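Here is what each chain is made of, one letter per residue.
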Amino acid sequence: MKPRIFISRRIQESAIEMLRKYCEVEIYDSEYPVPRDVLIKGLEDKDAALILLSDRIDKEVLNNAKRLKVLSTMSAGYDHIDLEEATSRGIYVTNVPAVLTDAVAEFAIALMFAVARRIVEADKFVRSGSWKIAWSPTFMLGSGIAGKTLGIVGLGSIGQAIARRAKGLSMDVIYYSRTRKLDFENELGISYAPFHEVLSKADFIVLSVALTPEAMGMVGEKELRLMKKSSYLINISRGQVVDEAALTRALKEGWIAGAALDVFSKEPLDPDNPLLSLSNVVLTPHIGSATFEARSKLAETAAENILLLLKGDVPESLLNPEVMKVRPIEEIKML
Ligand code: NAP
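Note that the structure is predicted; figures quoted are calculated from it, not measured. (Residues numbered from 1 in each chain as written. Predicted model: local features only at pLDDT ≥ 70, side-chain atom pairs only at ≥ 80, totals over all residues. Heavy atoms only, no water.)

Student: Explain the sheet that holds strand β6 (residues 149-153) here, please?
Tutor: Within a sheet, adjacent strands bond to each other through the backbone by hydrogen bonds, running parallel or antiparallel. With parallel pairing, seven strands are arranged side by side in an open sheet as β8-β7-β6-β9-β10-β11-β12. This sheet does not close on itself; its edge strands, each paired only once, are β8 (191-192) and β12 (281-283). Strand direction decides the pairing type here: strand β9 (residues 204-207) and strand β10 (residues 232-235), joined by four bridges, are parallel. Counted as the bridge partner of V206 is I234 from β10. On the sheet, helix α5 (residues 101-116) packs against β6, β9, β10, β11 (258-261) and β12 and is oriented at approximately 145° with respect to β10. (Pairing = 2+ DSSP bridges. Helix = DSSP H or I, 4+ residues; strand = E, 2+ residues; numbered from the N terminus. Contact = heavy atoms within 4.5 Å. Axes fitted to C-alpha atoms, helices over the stretch in contact; angles between N-to-C directions.)

This is the structure:
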């Protein structure tokens with residue numbers, strides 16, 4: 001009998017095809033997250049599942065997934081999965097780290113240009129029919145990029161990829177991260193500075209920290225007031241890193257020049273969120289990793305992880321290697 005797989009959302013066809021070749025596949029074919037009761041029902045008779053960040057996999061879900069042997073999440077993060085519970089039931093859990101790095105770094109750079117050169121505001125201006133004077137020496141000026149200082153907060157995979165690109169744009173790069181990275185500093189010619197110094201020196205600040213407990217709310221009123229009035233804040237990390245109410249005041253009252261945000265404390269944004277009425281902020285709907293290339297790789301790697309495990313191979317991204325003591329890999333081999 002072919003292994004049975006549940007896929008909890010409409011994903012890239014290439015990944016579905018990979019699984020269909022060897023398995024019976026059931027898909028919750030929608031752009032929306034799978035309702036919890038459908039997820040529970042879907043997993044009831046399945047050997048493996050390809051799930052997303054929005055699917056909470058807890059005791060209740062696992063209690064009903066009696067045949068489940070493999071859980072592959074199409075995300076780097078895995079906070080949504082009760083790993084301990086899965087391990088105790090002999091379920092192998094995998095994630096997909098690192099395939100989004102380039103896409104998100106490129107997006108951070110795109111946001112920096114968008115806010116500095118007022119691209120969204122300019123586009124709206126043209127479409128609204130307001131463009132009456134062909135060219136004017138003082139019209140819609142923005143900030144240049146070359147020679148400016150970029151401050152990166154959180155120098156992990158994405159932060160480092162941003163730093164490499166910024167050097168190519170002739171920027172000076174300083175950074176603050178939990179741990180200093182001397183080799184990378186030397187390789188790239190960038191320097192470490194304490195958080196408050198990065199805030200006060202940089203012309204552009206990009207937040208690329210992981211959402212650790214210490215990073216929650218790490219940019220609030222005090223930090224925003226340390227920034228230069230001419231500086232810009234770009235957040236591609238997680239909305240909870242920034243105190244959004246303080247940032248809204250900073251943008252309204254001119255403590256900083258502008259911001260570009262891909263992530264918010266509540267997503268999607270409420271229609272009455274005051275950020276929506278400000279022209280010095282660029283807002284995008286959490287699309288940092290949304291390239292054809294990155295998303296295909298993400299889905300295909302998640303599918304590949306399922307196939308590897310069902311063939312009895314252990315993928316590098318197995319999150320709970322101790323599961324092998326609970327249920328040896330030979331016992332989940334179906335292909
Ligand atoms: P990563 O490789 O884990 O890097 C995160 C970095 O943050 C690490 O270097 C880490 O510490 C540093 N850090 C953690 N807590 C800190 C703190 N309190 N103060 C200073 N630095 C701290 O993660 P990544 O893949 O680069 O992802 C970076 C962020 O982007 C994450 O928040 C992730 O959720 C987000 N993300 C967003 C999108 C999007 O669509 N917008 C897509 C993917 C990821 P060390 O200095 O100890 O290394």
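Following the structure, the description resumes.
Student: Would you mind showing me how to read the packing of α5 against helix α7 (residues 157-168) here?
Tutor: Relative orientation and spacing of two packed helices are given, respectively, by the angle between their axes and the distance between those axes. Following both chains from N to C, one finds α5 and α7 inclined at 55°, their axes separated by 8 Å at the closest point. On the basis of their axis angle, the class for α5 and α7 is oblique. When you trace α5 past α7, the crossing you get is right-handed. Contacts from T101, D102, V104, A105, E106, A108 and I109 of α5 reach α7 at S157, I158, A161, I162, R165 and A166. In the contact of α5 with α7, the residues fall into eight nonpolar, two polar and three charged. (Parallel < 35°, antiparallel > 145°, perpendicular 65-115°, else oblique. Left-handed = near helix turned anticlockwise from the far one by under 90°. Nonpolar A, V, L, I, M, F, W, Y, C, P; charged D, E, K, R; others polar.)

Student: Would you explain the packing of aromatic side chains in this entry?
Tutor: Two numbers describe a pair of aromatic rings. These are the distance of the centres and the angle of the planes. Tallying each qualifying case throughout the model produces five aromatic pairs. Relative to F139, the ring of F125 lies with its centre 5.1 Å away and its plane at 45°, an arrangement referred to as tilted. Of the two residues, F125 sits in helix α6 (residues 119-127) while F139 sits in the loop between α6 and β6, which places them 14 residues apart along the sequence. Since its relative accessible area comes to 22%, F125 is described here as partly exposed. Ring centres of Y175 and Y192 lie 5.4 Å apart, and the angle between their planes is 75°; this geometry places the pair in the edge-to-face category. Within this pair, whereas Y175 is found in strand β7 (residues 172-176), its partner Y192 is found in strand β8, the two being separated by 17 residues in sequence. Of the residues examined, Y192 reaches a relative accessible area of 28% and is grouped as partly exposed. Taken together, the ring pairs in this structure connect Y175, Y176, Y192 and F195 into an aromatic cluster. Against the face of W255 rests R225, its NZ or CZ located 3.7 Å from the ring centre. (Phe/Tyr/Trp six-rings, centres within 6.5 Å; stacked < 30°, edge-to-face > 60°. Buried < 20%, exposed > 50% of the residue type's maximum accessible area, 1.4 Å probe, protein only. Lys NZ or Arg CZ within 6 Å of the ring centre and 35° of its normal.)

Student: Hey, could you run me through the site of the ligand in this one?
Tutor: Neighbouring the ligand are 26 residues; I158, S177, T179, K181 and V209 lie closest to it. Here K181 contributes a side-chain N or O atom positioned 2.8 Å from an oxygen atom of the ligand. Taking H286, its side chain carries an N or O atom lying 3.4 Å from an oxygen atom of the ligand. In the complex, 82% of the free accessible area of the ligand, which totals 920 Å², lies under the protein chains. (Near = heavy atom within 4 Å. Polar contact = N/O pair within 3.5 Å; in protein donor to acceptor, adjacent residues only side chain to side chain. Areas by Shrake-Rupley, 256 points an atom, 1.4 Å probe, with all protein chains shown as cover.)

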